[in-house]
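# Secondary and tertiary structure notes
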Amino acid sequence: MARTVNATAYAARRDAFLDAAQHLIETKGYAQMSVQELAERAGVSQGAFYHYFDSKPALLEALIERAADQLRGHLSTTVEEPGLPAVQQLQRFLAALAGWKLARREALMALLTVWYCDDNAVVRQKMRPRLAERMAPLLSAIIRSGMDEGAFSVRHPDQTGRVLVSLIQDLNDTLGELFLTGRTTAVEIEHTVAAYTDAIERVLGVPAGSVTLVDPTTLHDWFAKE
């Protein structure tokens, strides 16, 4: 029983460091975050930090792994339904991804400038492949189902899953940059999403109009003026 309690306490304290790191990265940036600040926010001594992480980069790795696992868990529960056609599975995946972000809209909007600053370049660079590792297998499974149904014309499902993740991530970055400029038009946003949607449909070999990458209502909610 003692070991269970100790393991629980250890995990709770480790999560406290991760929560503190997430707050500081979002408000200051990774490069500006210090171990001393982390310890103060977590309510422990600076030396205690090293009982849980070997270094600041090790903390970053753990934070990214946690975020990627949380997103994968959210996405997997939305698409894993026996008998659901592959096109509908894909739409559920895309809708769940958009919904996960929209549910955090206010926080993400407030943090967007910090997220794309140079201080968080390392975090962004590390986050992309970790997210791809979680998302690509889900998409590859959907693609295989679509191949079996004759809905998708794809020869390499595993690699195609990663291609789709890359397109989705690139679209996210592009929309983030458009949002930050504050000078973009609704037409430009719609055309940008349409171009990425067209690319995904071509990769899957499906007719135009088969995929809704981001629905118009979600786009409006993201870019609507306060």
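Rules used in this analysis
- Residues numbered from 1 in each chain as written.
- Predicted model: local features only at pLDDT ≥ 70, side-chain atom pairs only at ≥ 80, totals over all residues.
- Heavy atoms only, no water.
- Core = buried A, V, L, I, M, F, W, Y, C linked by side-chain atoms within 4.5 Å.
- Buried < 20%, exposed > 50% of the residue type's maximum accessible area, 1.4 Å probe, protein only.
- Helix = DSSP H or I, 4+ residues; strand = E, 2+ residues; numbered from the N terminus.
- Domains from an automatic or database assignment.
- Contact = heavy atoms within 4.5 Å.
- Axes fitted to C-alpha atoms, helices over the stretch in contact; angles between N-to-C directions.
- Parallel < 35°, antiparallel > 145°, perpendicular 65-115°, else oblique.
- Nonpolar A, V, L, I, M, F, W, Y, C, P; charged D, E, K, R; others polar.
- Phe/Tyr/Trp six-rings, centres within 6.5 Å; stacked < 30°, edge-to-face > 60°.
- Lys NZ or Arg CZ within 6 Å of the ring centre and 35° of its normal.
- UniProt positions renumbered as here; feature names shortened; annotations may be inferred.

For the protein chain, an unreviewed UniProt entry supplies the name TetR/AcrR family transcriptional regulator and the organism Nonomuraea deserti.

### Some details on the nonpolar core
By size, the foremost hydrophobic cluster in this structure holds 58 residues, and its most contacted members are Leu59, Phe93, Leu204 and Leu213. Elements with a minimum of two residues in this core: helix H1 (2-27), helix H2 (35-42), helix H3 (56-79), helix H4 (86-102), helix H6 (121-149), helix H7 (157-181) and helix H8 (186-204). Counting residues domain by domain, this core receives three or more from each of domain 1 (1-53) and domain 2 (55-223). Setting aside chain neighbours within four positions, we find Leu59 in contact with Phe17, Leu18, Ala21, Met33, Leu38, Phe49 and Phe53.

### A short note on the packing of H4 against H6
Packed helix pairs are characterised by how far apart their axes lie and by the angle those axes make with each other. Orientation of H4 relative to H6, taken along the N-to-C sense of each, is 155°, at an axis distance of 8 Å. One element, H4, and the other, H6, form an angle in the roughly antiparallel class. Contact residues: Ala86, Gln89, Leu90, Phe93 and Leu97 in H4; Met135, Leu138, Leu139, Ile142, Ser145, Gly146 and Glu149 in H6. Grouping the constituent residues of the contact of H4 with H6 by class yields eight nonpolar, three polar and one charged.

### Some points on the packing of aromatic side chains
For the structure on display, the rule yields six aromatic pairs. A centroid spacing of 5.5 Å and a plane angle of 80° characterise the contact between Phe17 and Phe49, whose relative ring orientation is edge-to-face. Placement of Phe17 in helix H1 and of Phe49 in the loop between H2 and H3 is noted, with a sequence separation of 32 residues between them. There is no split in this pair, since Phe17 and Phe49 are both buried. Taken together, the ring pairs in this structure connect Tyr10, Phe17, Phe49, Tyr50, Tyr52 and Phe53 into an aromatic cluster. The positively charged end of Lys56 is found above the aromatic ring belonging to Tyr30, 4.5 Å away from the centroid.

### Let's talk about the UniProt feature "DNA-binding region" (unreviewed entry) in the protein chain
UniProt marks residues 34-53 with the feature "DNA-binding region" (unreviewed entry), using the numbering shown here. Taken end to end, residues 34-53 comprises 40% helix and 0% strand; its first and last C-alpha atoms sit 14 Å apart.

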